[in-house]
Structure formats: C-alpha cells, structure tokens
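Residue-level listing of the chains:
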Amino acid sequence: DDHIDVRLRERLNLIRGDWLRIATAAGVSHSWISQFVRGKIRNPGIETLRAVASAADDALRLKALLEEQAGAAQK
C-alpha cells in the first residue's frame, strides 16, 4: 500500500467525470473525493482508500471497455 494515496489521485484525475459514481460505489461523498484529490484530507484511512481505489479501478476498466467498443464500431 506504499503511496496508495499518490497513485489513487493520479487515477482519479484520469476519470474526473466518474467521481460521483466512484464515490457512491465506495461509500464516500463526491466532496470527499474532490477534497482528497486536492490534498485537503490529511489522513483518509487505508480502508477508505482501498474502497475508492477499487471503485476507481472499476471505472477505469469500464472506460477502457467503452473506448474499445467505440473503436470497434468505427471500423
């Protein structure tokens, strides 16, 4: 879990438009994610970080799948 917060901020910045869905899935508020990304939450707790990371990973997989399908549809 070394630097999970740094890696999570990077992933969340890649999927800004999905923060509400990620927040809901992770059991936190959209505001919490926004504050976390801006570095306003000093000690978010490892379990919360894991929940948000899992939801973010799901969102990234969905984004990749949708982009893959869109690319296939254009061919």
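Details of the structure are given in the entry above.
Residues numbered from 1 in each chain as written. Predicted model: local features only at pLDDT ≥ 70, side-chain atom pairs only at ≥ 80, totals over all residues. Heavy atoms only, no water.

Enquirer: Honestly, the overall build of the protein in this entry has me stumped. Any pointers?
Expert: The secondary structure content of the protein amounts to four helices and zero strands. Going residue by residue from the N terminus, the α and β elements of the protein occur as α-α-α-α. Taking the principal axes of its C-alpha atoms as reference, the protein extends roughly 45 × 25 × 20 Å. Looking at the protein as a whole, 33% of its 75 residues are labelled buried. Sequence separation of at least 24 residues holds for 62% of the intrachain contacts in the protein that already meet a minimum separation of 6. Carbon together with sulfur atoms contributes 51% to the accessible area of the protein, which is approximately 5000 Å² in total. (Helix = DSSP H or I, 4+ residues; strand = E, 2+ residues; numbered from the N terminus. Buried < 20%, exposed > 50% of the residue type's maximum accessible area, 1.4 Å probe, protein only. Contact = heavy atoms within 4.5 Å. Areas by Shrake-Rupley, 256 points an atom, 1.4 Å probe, with all protein chains shown as cover.)

Enquirer: I keep staring at the packing of aromatic side chains and nothing clicks. Help me out?
Expert: Each aromatic ring pair is characterised by the separation of its centres together with the angle its planes make. The final tally for this structure, using the stated rule, is one aromatic pair. With a centroid separation of 5.3 Å and an interplanar angle of 5°, the aromatic rings of Trp 32 and Phe 36 are classed as stacked. Of this pair, Trp 32 and Phe 36 are both found in helix H3 (residues 30-37), four residues apart, which corresponds to roughly one turn of the helix. The residues Trp 32 and Phe 36 share a single accessibility class, namely buried. For the cation-ring pair, Arg 9 lies above Phe 36, with the distance from its terminal atom to the ring centre recorded as 4.2 Å. (Phe/Tyr/Trp six-rings, centres within 6.5 Å; stacked < 30°, edge-to-face > 60°. Lys NZ or Arg CZ within 6 Å of the ring centre and 35° of its normal.)

Enquirer: Quick question: what am I supposed to make of the packing of helix H1 (residues 4-14) against helix H4 (residues 46-74) here?
Expert: Between two packed helices, both the angle of their axes relative to each other and the distance between the axes serve to describe the pair. Interaxial distance between H1 and H4 falls to 10 Å at its minimum, and their mutual angle equals 35°. Considering only the axes of H1 and H4, their crossing is left-handed. Packed against H1, whose contacting residues are Ile 4, Asp 5, Leu 8, Arg 11, Leu 12 and Leu 14, the element H4 presents Ile 46, Leu 49, Arg 50, Val 52, Ala 53, Ala 56, Asp 57, Leu 60 and Lys 63 at the interface. Looking at the contact of H1 with H4 residue by residue, the class counts come to ten nonpolar, no polar and five charged. (Axes fitted to C-alpha atoms, helices over the stretch in contact; angles between N-to-C directions. Left-handed = near helix turned anticlockwise from the far one by under 90°. Nonpolar A, V, L, I, M, F, W, Y, C, P; charged D, E, K, R; others polar.)

Enquirer: I tried to follow H1 on my own but got confused; where do I start?
Expert: Those residues of H1 that sit buried are Ile 4, Leu 8, Arg 9, Arg 11 and Leu 12. Mapping the buried residues of H1 onto a view down its axis gives an arc of 165°, with all of them on the same face. Check the buried side of H1 and you find it contacts helix H2 (19-26), H3 and H4. (Arc of directions from axis to C-beta.)

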